[in-house]
Amino acid sequence: MKIAVIGTGYVGLVTGVCLADIGHRVTCIDVNITKIRLLREGKSPIFEPGLQEMIQRNMLENRLRFTNEINAGIDQASIIYIAVGTPSNEDGTADLSAIQDAAVSIAKHIKHDVVIVTKSTVPIGTNDRIKAIIEDHKVDKSIRVDIVSNPEFLREGSAISDTFNGDRIVIGSDSEKAADIIEEINKPFQIPIFRTSIRSAEMIKYASNAFLATKISFINEISNLCEKLDADVTEVAQGMGMDKRIGTHFLNAGIGYGGSCFPKDTNALVQIAGNANHEFELLKSVIEVNKKQQKILIEKAKKRFDSLDGLTIAVLGLAFKPNTDDMREAASIPVISELIQSGARVLAYDPIANENAKRVLPKEVTFCKSIEEAITKTDCVFILTEWPEIVQFELAKYPLFMNRAVIFDGRNCFDPKKLLAYRIEYHSVGRSSTYLEVLKPSILK
Ligand SMILES: NC(=O)c1ccc[n+]([C@@H]2O[C@H](COP(=O)([O-])OP(=O)(O)OC[C@H]3O[C@@H](n4cnc5c(N)ncnc54)[C@H](O)[C@@H]3O)[C@@H](O)[C@H]2O)c1
Ligand SMILES: O=c1ccn([C@@H]2O[C@H](COP(=O)(O)OP(=O)(O)O[C@H]3O[C@H](CO)[C@@H](O)[C@H](O)[C@H]3O)[C@@H](O)[C@H]2O)c(=O)[nH]1
C-alpha cells in the first residue's frame with residue numbers, strides 16, 4: 001500500500017517507519033526543513049531506541065522516503081496519515097492550527113480518492129471538521145475522501161516496541177470500506193483491532209490518558225498519606241496491584257507525570273468537558289495533585305536544610321522519563337527553576353536530554369558530562385528520572401564524591417535500607433527517610 005504520513009515527530013516518524021517495516025511504501029512529510037534534511041541522511045532527529053537503525057534499513061530497501069513537499073508526498077498515496085502536533089493553548093484547549101493547515105494542504109493537492117487517517121490526539125468532533133475542511137477546499141469535487149480516527153497509544157522511549165506489541169488498535173470510522181482498508185494495513189502487526197465510531201475513537205484516546213494520569217495522582221496521594229502514617233507506598237502499590245481489577249501498572253509514586261501527552265491531554269479533556277457543560281471535577285483534582293506532587297522534593301529539601309540558599313545541588317535525570325530526549329513538561333523544569341530561585345547552585349546531568357534541556361532550563365544551570373562530574377562537592381542530589389545509568393550508578397561513589405551524601409529521590413530508585421549501608425541519607429517518595437542515626441520521624445509529629 002502507498003502511504004503518506006504528515007508530521008515526522010515522535011508519532012508520525014515512528015508510525016511511518018513501522019508501516020514501512022511491515023512492507024508498505026511510505027513517504028513522510030514535514031514542514032521542518034532541518035528534520036527532513038537529517039532524515040534523508042538516515043539520521044533520526046529524535047532519540048528513540050532502535051529508530052535510527054530502522055529508518056536506515058527501510059530507506060535502503062526503498063520503502064521509506066522523506067520530503068518537505070506535500071504535493072510530491074501525497075501524489076501517489078491512497079492513504080494519508082495526519083500526525084502533526086496538537087499542543088496546548090494558553091487556556092488548556094488543544095491548538096488545532098497544524099491539523100487545520102494539514103487538512104487544507106491535503107485538500108489542495110489530492111488528485112484521487114483517499115482515506116485520511118488521524119493519528120494526532122484531537123478533541124471529539126475534530127475529524128468531522130477535518131472532513132468538512134477537505135470537502136470545502138478540494139479542487140476536484142468528484143474525489144472521494146473517507147476519514148478514519150486511529151488514535152496512537154505508543155509511549156516515548158518504547159515507541160517501536162509499543163507499535164509492534166500494542167494492546168489494541170482503535171479504528172473509528174463511519175465508512176466500512178475505509179475501516180476495512182486501515183484494518184488490512186495494520187494486520188501484519190497482529191494486534192487486536194477495535195472498531196468504533198469516529199467520536200468514540202477520539203474519546204478513547206483522551207479517556208485512556210486521563211485514566212492513566214488518575215492512577216498516578218491517586219498513588220501519589222496514597223504516598224503522601226504513607227509518609228504521614230509510616231507505611232511504604234511501594235509495598236502498598238504492590239499489594240494493590242495483585243488485585244487483577246486494579247493491575248500493577250502505573251502505580252509508581254514519584255514526582256508526578258510529565259511529558260508531551262498527560263499534562264496536555266488532561267487539560268484538554270477538562271476543556272472539552274466544560275464546552276459540553278460538564279465540570280470534570282475528578283480530572284481537575286488529578287491535575288492539581290500532579291502540580292503539587294512535582295514540588296514534593298523541594299519541600300523535603302527545605303525541611304531538611306532549612307534553606308537552600310547557597311547549597312550546591314546535583315540534579316540527575318532531566319527528560320520527563322527514561323529513554324527519551326523529550327523535555328516537554330518534564331518535572332525537572334519547575335523543580336530546577338525553584339531550586340535556582342531559592343538560591344541553590346544547580347549542576348545537571350541527563351544521559352541523552354542535556355542538549356534539549358539547555359533550551360528550556362534557566363541559564364544559571366551548569367550542565368555536566370557524567371554523574372561523577374555532577375555530584376562532585378555537592379550538598380545533595382535530586383534524582384528526577386530513573387534512567388538505567390542513574391539507577392545502576394555505584395552507590396559507594398556518592399559519599400566519595402559529595403560534600404555530604406544526601407539524596408532526594410523523586411522516582412524511588414533504591415531500597416532505603418540498602419542506602420543506609422552505604423552511609424547515604426536518603427529521602428524518597430511515600431517511604432520513611434533513612435538517616436545515618438536512624439531518626440525515625442514520629443507519626444504523632
Ligand atoms: N509523543 C507521543 O508519545 C504521542 C503518543 C500518542 C499520541 N500523540 C499525539 O500525536 C500527535 C503528534 O505528537 P508528537 O509528539 O509526534 O508531536 P511532535 O511535535 O513531535 O511532531 C509534530 C510534527 O508535525 C510537523 N508539522 C506541523 N505542522 C505540519 C504541517 N502542516 N505539515 C507537515 N508537518 C507539520 C512538525 O514540524 C513536527 O515535526 C499529537 O496530537 C500528540 O498528542 C503523541
Ligand atoms: O506509574 C507511573 C507511570 C508513569 N509515570 C510518569 O508519567 C509520565 C508519562 O509516562 P508514560 O506514560 O510512560 O510516557 P508517555 O510517552 O507520556 O506515554 C503516555 O502518553 C502517550 C501520549 O498520548 C500515550 O500514547 C501513552 O499510551 C501514554 O502512556 C512520565 O513522566 C512518568 O514518569 C509515573 O509517575 N508513574
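Since we're looking at a predicted model, the values are computed, not measured.

Asks: When you look at the site of ligand 1 in this model, what are you seeing that I'm missing?
Replies: Neighbouring ligand 1 are 26 residues, the closest being D30, K35, T86, E156 and K264. Separating an oxygen atom of ligand 1 from a backbone N or O atom of Y10 is a distance of 2.9 Å. A distance of 2.8 Å separates a nitrogen atom of ligand 1 from a polar side-chain atom of E156. For ligand 1, whose free accessible area comes to 830 Å², the fraction covered by protein is 88%. Contributing elements (two or more residues each) for the shell around ligand 1: α1 (10–21) and α5 (97–109). Ranked by residue count, the leading element in the shell around ligand 1 is α5, at three residues. Tallied by class, residues from the shell around ligand 1 come to 10 nonpolar, eight polar and eight charged. For the shell around ligand 1, the two domains that each supply at least three residues are domain 1 (2–196) and domain 2 (205–292).

Asks: I would appreciate a short explanation of the UniProt feature "domain: UDP-glucose/GDP-mannose dehydrogenase C-terminal" (unreviewed entry) in the protein chain in the present structure.
Replies: This chain's UniProt record puts "domain: UDP-glucose/GDP-mannose dehydrogenase C-terminal" (unreviewed entry) on residues 314–416. Between the first and last C-alpha atoms of residues 314–416 the distance is 20 Å; the span itself is 31% helix and 17% strand.

Asks: Would you mind going over the site of ligand 2 with me for this structure?
Replies: By nearness alone, 20 residues border ligand 2, and F153, L154, E156, K205 and C261 come closest of all. A distance of 2.7 Å separates an oxygen atom of ligand 2 from a polar backbone atom of F153. Take K205: an N or O atom from its side chain is 2.8 Å from an oxygen atom of ligand 2. Only α9 (198–229) and α11 (262–275) provide two or more residues apiece to the shell around ligand 2. Residue contributions to the shell around ligand 2 peak at three residues, all from α9. Split into classes, the residues belonging to the shell around ligand 2 amount to nine nonpolar, four polar and seven charged.

Asks: Got a minute to help me understand the pattern of salt bridges in this structure?
Replies: Two side chains that carry opposite charge are able to pair once their charged atoms sit near each other. Inspection of the entire model under this criterion finds 29 salt bridges. Residue E227 is joined to K300 by a salt bridge in which the shortest nitrogen-to-oxygen separation is 2.7 Å. Taken as a pair, E227 in helix α9 and K300 in helix α13 (residues 296–305) lie far apart in primary sequence, 73 residues in all. Under the relative-accessibility criterion, E227 is labelled partly exposed at 30%. When its relative accessible area of 13% is taken as the criterion, K300 is described as buried. The network of salt bridges with common partners includes E176, D180, E183 and R195.

Here is what the cut-offs are and how they apply
Residues numbered from 1 in each chain as written. Chains lettered and ligands numbered in written order. Predicted model: local features only at pLDDT ≥ 70, side-chain atom pairs only at ≥ 80, totals over all residues. Heavy atoms only, no water. Near = heavy atom within 4 Å. Polar contact = N/O pair within 3.5 Å; in protein donor to acceptor, adjacent residues only side chain to side chain. Areas by Shrake-Rupley, 256 points an atom, 1.4 Å probe, with all protein chains shown as cover. Helix = DSSP H or I, 4+ residues; strand = E, 2+ residues; numbered from the N terminus. Nonpolar A, V, L, I, M, F, W, Y, C, P; charged D, E, K, R; others polar. Domains from an automatic or database assignment. UniProt positions renumbered as here; feature names shortened; annotations may be inferred. Salt bridge = Lys/Arg side-chain N within 4 Å of Asp/Glu carboxyl O. Buried < 20%, exposed > 50% of the residue type's maximum accessible area, 1.4 Å probe, protein only.

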